[in-house]
Amino acid sequence: MPARPVTVRRTTADDWEHVRDLRLAMLADTPIAYGETLAVARRHAEAEWRMRGARGEAEHGTSLVAIDDGTGDWVGAMGGFLQAAGQPLLVGVYVAPTHRGRAAGVTDLLLDGVETWAATEGDTLRLHVHEQNERAIAFYRRRGYEPTGHTNAYALDPTARELEMLAPLR
């Protein structure tokens, strides 16, 4: 149980304002973790945010959010979708500074949810993480994710790399 109880649930199109606000907070807090800049995200119209919220209702994807039970604040998010090869990919990982850490348990709750979804789609869950995001890499390793040896150029800076990590689900 997290130190501060949270509810984890799928997002909906009607959540668009919360989805937007959390995404802007994510991009401001940890810009190297995402392939989108804060400036670009601020220009999105309501329709884009509604589409992003609706990802929680997707047939072959998920978008989860953690909501602080005491304050109602949206404090974390994770998502997943199927890559072209039909393999589940973890995306959009964020937990607010107020709810980070192993004792808080929010990151684990969100990843448990994404892994549950991913297990309905495949035997492994893949992710890409910026090579300088040491906090995230340590978390993924603790959860059983290992580097595959593959890297990709980071979308916002092709001189930086994103490491591919993979964990078995069954």
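Per-chain numbering applies: the sequence of each chain, read as written, is numbered from 1 onward. In keeping with the predicted nature of the model, local features appear solely for residues at pLDDT of at least 70, side-chain atom pairs appear and are counted solely at 80 or more, and the whole-chain, interface and lining totals rest on all residues. Only heavy atoms go into the side-chain values, all of them from the structure, while hydrogens and water stay out.

Let us now look at the overall build of the protein. By the criteria applied, helices consist of DSSP H or I runs no shorter than four residues and strands consist of E runs no shorter than two, each listed in order from the N terminus. Broken down by element type, the protein carries five helices and seven strands. Reading the helices (α) and strands (β) of the protein from amino to carboxyl end gives β-α-α-α-β-β-β-α-β-α-β-β. Radius of gyration here is computed from C-alpha atoms only, and the compact-globule reference equals 2.2 Å multiplied by the residue count raised to the power 0.38. For 170 residues, the compact-globule estimate of 2.2 N^0.38 gives 15 Å, and the C-alpha radius of gyration of the protein, at 15 Å, lies within 12% of that figure. With respect to the principal axes defined by its C-alpha atoms, the protein has extents near 40 × 35 × 30 Å. Think of it in three bands: residues with accessible area under 20% of the maximum for their type are buried, residues over 50% are exposed, and the middle band is partly exposed, with areas taken using a 1.4 Å probe on protein chains only. By residue count, 41% of the 170 residues in the protein fall in the buried class. The contact definition used throughout considers only heavy atoms, calling two residues in contact when any of these lie within 4.5 Å. Restricting the contact set of the protein to residue pairs at least 6 apart, pairs at least 24 apart contribute 64%. Each accessible area is a Shrake-Rupley estimate made with a 1.4 Å probe; only the visible protein chains count as cover when residues are assessed. When the accessible area of the protein is evaluated, it comes to approximately 8,700 Å², of which 53% is carbon and sulfur surface. Charge separation in the protein, taken as the distance between the mean sites of 19 positive and 24 negative side-chain charges, equals 3 Å. Neither His nor the chain termini are counted; the positive set is Lys and Arg, and the negative set is Asp and Glu. In plain terms, the charge of a residue is placed at NZ if it is Lys, CZ if Arg, CG if Asp and CD if Glu.

Structurally, Glu-164 is set in strand β7 (residues 157–168). When the C-alpha positions of Glu-164 and His-150 are compared, they lie 5.6 Å apart, and in sequence the two are 14 residues distant. The residues touching Glu-164, leaving out its near neighbours within four places in the chain, are Arg-126, Leu-127, His-128, Glu-146, Pro-147, Thr-148 and His-150. There is a polar contact of 3.1 Å between the side chain of Glu-164 and the side chain of Arg-126. N or O atoms within 3.5 Å of each other form a polar contact, as long as, within protein, one can give a hydrogen and the other can take it, and as long as residues adjacent in sequence are counted only when both atoms are side-chain atoms.

Take Tyr-154: it is sitting in strand β6 (residues 146–154). Given a relative accessible area of 5%, Tyr-154 falls into the buried group. C-alpha separation for the pair Tyr-154 and His-128, spaced 26 residues apart in sequence, amounts to 9.5 Å. Not counting residues within four places of it along the chain, the set of residues in contact with Tyr-154 comprises Pro-31, Ile-32, Tyr-34, His-130, Ala-160, Arg-161 and Glu-162. At 2.9 Å, the side chain of Tyr-154 and the backbone oxygen of Tyr-34 are in polar contact.

With that settled, consider the packing of helix α1 (residues 16–29) against helix α3 (residues 46–54). In this analysis an axis means a line fitted to C-alpha atoms, helices contributing only their contacting stretch, and an angle means the value between N-to-C directions, from 0 to 180 degrees. Their axes nearest at 8 Å, the elements α1 and α3 cross at an angle of 95°. Comparing the axis directions of α1 and α3 gives the class roughly perpendicular. Residues Trp-16, Val-19, Arg-20 and Arg-23 of α1 touch α3, and the partners they reach there are Glu-46, Trp-49, Arg-50, Arg-52 and Gly-53. Looking at the contact of α1 with α3, its residues break down into three nonpolar, one polar and five charged. To sort the angles, those under 35 degrees are grouped as roughly parallel, those over 145 as roughly antiparallel, those from 65 to 115 as roughly perpendicular, and the leftovers as oblique. All residues other than Ala, Val, Leu, Ile, Met, Phe, Trp, Tyr, Cys, Pro, Asp, Glu, Lys and Arg, Gly among them, are scored as polar; the first ten of these are nonpolar and the last four charged.

What follows concerns the pattern of salt bridges. The term salt bridge refers to a pairing of a side-chain nitrogen on Lys or Arg with a carboxyl oxygen on Asp or Glu at a separation within 4 Å. Scanning the entire structure with this criterion turns up 14 salt bridges. Here Arg-23 makes a salt bridge to Glu-36, at a shortest N to O gap of 2.9 Å. Taken together, the residues Arg-23 in helix α1 and Glu-36 in the loop between α1 and α2 (38–42) connect sequence positions 13 residues apart. In this structure, Arg-23 and Glu-36 share a single accessibility class: buried.

What follows deals with the confidence of the model for the protein. Overall, the predicted model of the protein reaches an average pLDDT of 95, with 98% of residues at or above 70. For the protein, helix α5 (residues 134–142) is the element with the lowest average pLDDT, namely 96, and α1 is the one with the highest, namely 98. Confidence of the prediction at every residue is given by pLDDT, a number between 0 and 100.

Before going further, it helps to spend a moment on the packing of aromatic side chains. A pair of Phe, Tyr and Trp rings is counted when the ring centres sit within 6.5 Å of each other, with Trp represented by its six-membered ring. The angle between the planes then sorts it: under 30 degrees is stacked, over 60 is edge-to-face, the rest tilted. Under the definition given, this model contains two aromatic pairs. With centroids separated by 5.9 Å and ring planes inclined at 65°, the aromatic side chains of Tyr-140 and Tyr-145 adopt a geometry described as edge-to-face. Each member of the pair Tyr-140 and Tyr-145 is classed as buried. An aromatic cluster is built from Phe-139, Tyr-140 and Tyr-145, whose rings are joined through pairwise contacts.

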